[in-house]
Amino acid sequence: VVLGFNYLHLVRDLQTTLRSIHSLLEPGGLFISKTPCLHDMNPLMRTIVLPAMRVMGIAPYVGAFPASGLEQRIAATGFDILAVERHASGTADARPYIVACKRCPPFWIPAEPLGILMPSACRSGGDPPRISDTPPDGCRGPATDSSDGP
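Residues numbered from 1 in each chain as written. Predicted model: local features only at pLDDT ≥ 70, side-chain atom pairs only at ≥ 80, totals over all residues. Heavy atoms only, no water.

### Some remarks on the overall build of the protein chain
Right, so step 1: Along its length, the protein chain carries 3 helices and 6 strands.
Right, so step 2: Relative to its 150 residues, the protein chain shows a buried fraction of 37%.
Right, so step 3: Carbon and sulfur atoms make up 57% of the accessible area of the protein chain, which amounts to about 8,500 Å² in all. (Helix = DSSP H or I, 4+ residues; strand = E, 2+ residues; numbered from the N terminus. Buried < 20%, exposed > 50% of the residue type's maximum accessible area, 1.4 Å probe, protein only. Areas by Shrake-Rupley, 256 points an atom, 1.4 Å probe, with all protein chains shown as cover.)

### Overview of the packing of aromatic side chains
Within a pair of aromatic rings, the relevant descriptors are the distance that separates the centres and the angle that separates the planes.
Right, so step 1: Taken as a whole, this structure holds 1 aromatic pair when the rule is applied.
Right, so step 2: Measuring from ring centre to ring centre gives 5.9 Å for Phe31 and Phe79, while their planes differ by 40 degrees; the resulting arrangement is tilted. Of this pair, Phe31 sits in strand S2 (residues 30-34) while Phe79 sits in strand S3 (residues 79-85), and the two are 48 residues apart along the sequence.
Right, so step 3: The exposure class of Phe31 is buried, given its relative accessible area of 0%. (Phe/Tyr/Trp six-rings, centres within 6.5 Å; stacked < 30°, edge-to-face > 60°.)

### Side note on the nonpolar core
Right, so step 1: One finds Leu14, Leu18, Phe31, Leu70, Ile74 and Phe79 to be the most contacted residues of the largest nonpolar core, which totals 16 residues.
Right, so step 2: At the level of secondary structure, the elements contributing two or more residues to this core comprise helix H1 (14-24), helix H3 (67-76) and strand S4 (97-102).
Right, so step 3: In this view, Leu70 contacts Leu8, Leu14, Thr35, Cys37, Phe65 and Ile98; residues no more than four positions away in its chain are not counted. (Core = buried A, V, L, I, M, F, W, Y, C linked by side-chain atoms within 4.5 Å. Contact = heavy atoms within 4.5 Å.)

### A few points about the pattern of salt bridges
Right, so step 1: Applying the stated criterion across every chain yields a total of 1 salt bridge.
Right, so step 2: Salt-bridge contacts for Arg103 lead to Asp80; the nearest nitrogen and oxygen are separated by 2.8 Å. Here Arg103, found in the loop between S4 and strand S5 (108-110), pairs with Asp80, found in strand S3; they are 23 residues apart in sequence, far enough to count as distant. (Salt bridge = Lys/Arg side-chain N within 4 Å of Asp/Glu carboxyl O.)

### Observations regarding the sheet that holds S2
Right, so step 1: Here 4 strands make up an open sheet; going across it, the order is S1-S2-S4-S3 and the pairing mixed. The open sheet is flanked by strand S1 (2-5) and S3, the only strands paired with a single partner. Taking the axes of each pair of neighbouring strands and ignoring which way they run, one obtains an average angle of 15 degrees across the sheet.
Right, so step 2: Bridging between S3 and S4 involves 6 bridges; their strand directions are antiparallel. Bridge assignment links Val84 to a residue of S4, and that residue is Ile98.
Right, so step 3: Of the strands in this sheet, S1, S2, S3 and S4 touch H1, which is tilted by about 105 degrees from S3.
Right, so step 4: In this fold H3 packs onto S2, S3 and S4, with an angle of close to 155 degrees to the strand it touches most, S3. (Pairing = 2+ DSSP bridges. Axes fitted to C-alpha atoms, helices over the stretch in contact; angles between N-to-C directions.)

### Digging into the confidence of the model for the protein chain
Right, so step 1: Averaged over all residues, the pLDDT of the protein chain is 74; the fraction at 70 or higher stands at 65%.
Right, so step 2: Confidence, expressed as mean pLDDT per element, reaches its minimum in the protein chain at strand S6 (residues 139-142) with 52 and its maximum at H1 with 94.
Right, so step 3: Residue range residues 113-133 is modelled with pLDDT below 50. Its contacts to residues more than four positions away, or to other chains, number 38 contacts.
Right, so step 4: Across residues 141-150 the pLDDT falls below 50, and counting only partners more than four positions away or on other chains, this stretch makes 24 contacts in the model. (pLDDT = per-residue confidence, 0-100.)

### Quick notes on the side chain of His22
Right, so step 1: As for its position among the elements, His22 is in helix H1.
Right, so step 2: Sequence-distant contacts of His22, defined by excluding residues within four places in its chain, comprise Thr77, Gly78, Phe79 and Lys102.

Below, the structure written as structure tokens:
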């Protein structure tokens, strides 16, 4: 599991950071993140307040992306999004809590029973042609159904 709380908006190269996180995980491993998505916040914050604070040298670089864009970038890096939730005291929260699972190569499922925690985690279905009889590290035999549970 890799936890990433309140920092993805502070990195200048989000794709490289997500690829690094992806490389740390075994297939079926989890990436759990909660980070502010400034694009979804009050526009004055990203267009006036933060730029002024950066000019004065009292704020770091801050990326302004929407929550939907963050989800898309995580998925494009090779993760399956398992959950997106918002937990805040206010009604509108621009800090999504995202749980993502590193995808196994096609037609393989995680060797560890993540299904106990998240039944549909990283499952592929169908009756695939076999590329190899040996599953990749962290995975076990080809998935032959898309049912939930081990």
